[in-house]
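Commentary on secondary and tertiary structure
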Amino acid sequence: MSLPEAIHNIHSFLTEKGAPNYIDAAVILGSGLGGFGDEIQNPLIVPYSDIPGFPQSTVEGHSGSLIIGNIDQKTVLAFSGRFHFYEGYGFDKTVLPVQLANAFNVEKLIISNAAGGINLDFKVGDLMVIDSILSPTKELEFPESIDVNKLFSENAATVKEIADSLGIRTQKGSYLYVTGPNYETKAEIHAFRFLGGDAVGMSTAPELIEAARVGTKAVAISLITNAAAGVTDQKLDHAEVKDAADAKKDVFAELVKGIISRQQS
Ligand code: HPA
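This report concerns the structure included in the present document. All of these numbers come straight from a predicted model, not from anything done at the bench.

Scoring rules and cut-offs
Residues numbered from 1 in each chain as written. Predicted model: local features only at pLDDT ≥ 70, side-chain atom pairs only at ≥ 80, totals over all residues. Heavy atoms only, no water. Phe/Tyr/Trp six-rings, centres within 6.5 Å; stacked < 30°, edge-to-face > 60°. Buried < 20%, exposed > 50% of the residue type's maximum accessible area, 1.4 Å probe, protein only. Pairing = 2+ DSSP bridges. Helix = DSSP H or I, 4+ residues; strand = E, 2+ residues; numbered from the N terminus. Salt bridge = Lys/Arg side-chain N within 4 Å of Asp/Glu carboxyl O. Lys, Arg positive; Asp, Glu negative; His and termini not counted. Contact = heavy atoms within 4.5 Å. Near = heavy atom within 4 Å. Polar contact = N/O pair within 3.5 Å; in protein donor to acceptor, adjacent residues only side chain to side chain. Areas by Shrake-Rupley, 256 points an atom, 1.4 Å probe, with all protein chains shown as cover. Nonpolar A, V, L, I, M, F, W, Y, C, P; charged D, E, K, R; others polar.

1. Describing the packing of aromatic side chains
Evaluated as defined, the whole model comprises six aromatic pairs. Both rings, one in Phe83 and one in Tyr89, keep their centres 5.7 Å apart while their planes meet at 75°; by these two values the pair is edge-to-face. Note on accessibility: Phe83 and Tyr89 belong to one class, buried. Here Phe85 and Phe91 contribute two aromatic rings whose centre-to-centre distance is 4.7 Å and whose plane-to-plane angle is 15°, an arrangement assigned as stacked. Given a relative accessible area of 34%, Phe85 falls into the partly exposed group. Aromatic rings pair up to connect Tyr48, Phe54, Phe83 and Tyr89 into one cluster.

2. Details of the pairing of strand S6 (residues 127-134)
Two strands pair when backbone bridges link them, and S6 and strand S9 (residues 218-227) are joined in this way by three bridges, in the antiparallel orientation. Pairing of Leu127 across the sheet is with Leu223, part of S9.

3. Considerations on the pattern of salt bridges
Two side chains of opposite charge can pair, provided their charged atoms sit close to one another. Evaluation of the coordinates by the stated rule reveals seven salt bridges. The closest approach of N and O atoms between Asp92 and Lys93, which form a salt bridge, is 4.0 Å. Given the relative accessible area of 31%, Lys93 is considered partly exposed. Note that Glu154 and Lys150 form a salt bridge whose closest N and O atoms lie 3.4 Å from each other. On the criterion of helical spacing, the pair formed by Glu154 and Lys150 is a turn pair, its members being four residues apart in helix H4 (residues 148-165). Look at Glu154 and you get partly exposed, because its relative accessible area is 42%.

4. Topic: the side chain of Lys74
Within the fold, Lys74 resides in strand S4 (residues 74-80). No salt bridge is formed by the buried Lys74, whose closest oppositely charged neighbour, Glu107, lies at an N-O distance of 4.6 Å. Residues contacting Lys74, with those up to four places away along its chain left out, are Asp24, Gly69, Ile260, Ser261 and Gln263.

5. Section: the pairing of strand S3 (residues 65-71)
Along S3, six of the seven residues are buried, which leaves the element largely enclosed by surrounding structure. Pairing of strand S2 (residues 41-47) with S3 involves five bridges; the strand directions are antiparallel. What sits directly across from Ile45, in S3, is Ile67. Bridge count for S3 against S4 is seven bridges, and the pairing is antiparallel. What sits directly across from Ile67, in S4, is Ala78. The turn linking S3 back onto S4 is made up of two residues, and Asp72 within it adopts a positive phi angle of 50°.

6. Some words on the environment of Ala103
Turning to its location among the elements, Ala103 is positioned in helix H3 (residues 96-103). What makes Ala103 buried here is its relative accessible area of 16%. Along the backbone, Ala103 and Tyr22 are 81 residues apart, and their C-alpha atoms lie at a distance of 8.1 Å.

7. Side note on the environment of Pro143
Note that Pro143 resides in the loop between S6 and H4. Sequence-wise, Pro143 and Arg213 are 70 residues apart; in three dimensions their C-alpha atoms are separated by 5.9 Å. Beyond its immediate sequence surroundings of up to four residues, Pro143 is in contact with Ile209, Ala212 and Arg213.

8. Details of the site of the ligand
Around the ligand sit Ala114, Ala115, Gly116, Tyr183, Glu184, Val200, Gly201, Met202, Thr225, Asn226 and Leu236, and that is every residue in its neighbourhood. Within the backbone of Gly116, a nitrogen or oxygen atom sits 3.4 Å from a nitrogen atom of the ligand. The contact in question runs from a nitrogen atom of the ligand to an N or O atom on the side chain of Glu184, over 2.8 Å. Look at the ligand: alone it shows 260 Å² of surface, and the protein chains cover 94% of it. Of the residues forming the shell around the ligand, the biggest block, three residues, is contributed by strand S5 (residues 108-117). Broken down by class, the residue content of the shell around the ligand amounts to six nonpolar, four polar and one charged.

Geometric values such as these leave the question of function open.
And the structure:
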């Protein structure tokens, strides 16, 4: 699958800075999960603002840098900060990390996010492996030639198996994508529950679909940072999302490391 020339230029820029030509795994870090970058050994840290043609991360809790280094025997590229549609970026920009990961020929891409729990069985702090996507407003275009249902559920099953083998409890479910930026109303969440959404968030779906399109194996994990609107009486705020992510960061890191170090089947 051909990538835009701008991506090849960014790849060249990074290899000139010392990045290897090929990288084993890439990780997109969701809100509050940027601390995973500290797990990367011998890091080459490149602020997004230094990379020609790279968008900037404007959201609090996203530091906005690329971290390239090692986890055990694997080379890893982490995006600490992603690009959301609600920041004013078109879908072509929101999927740029996926295209860059593809330019480095990664064997796997791990996409993470903070999400609100719609499913009443979910608790704050749960990790949900995404096995399907729901996009009620239908802004996302799925590649017709790919069986995304099969792809997503097979990849989710692999993550579940790795989590089980590490003794990490996970949920599995459908990620309901909204463009944001505002949190939902309780009536929307009520409707989303009937539609079959388990968690709601403002990222990941475009990235997961782009990964399918370019042929990069991708898995996605939501950290449930809050109960979605109307599930409790609490008003939602960004601080709550950060607190939940902080409390769970070690387990999240263990799972991501487990996925990275697992031999490709
Ligand atoms: N809604 C949408 N996006 C989110 C939420 C939420 O409740 N929590 C974290 N990201």
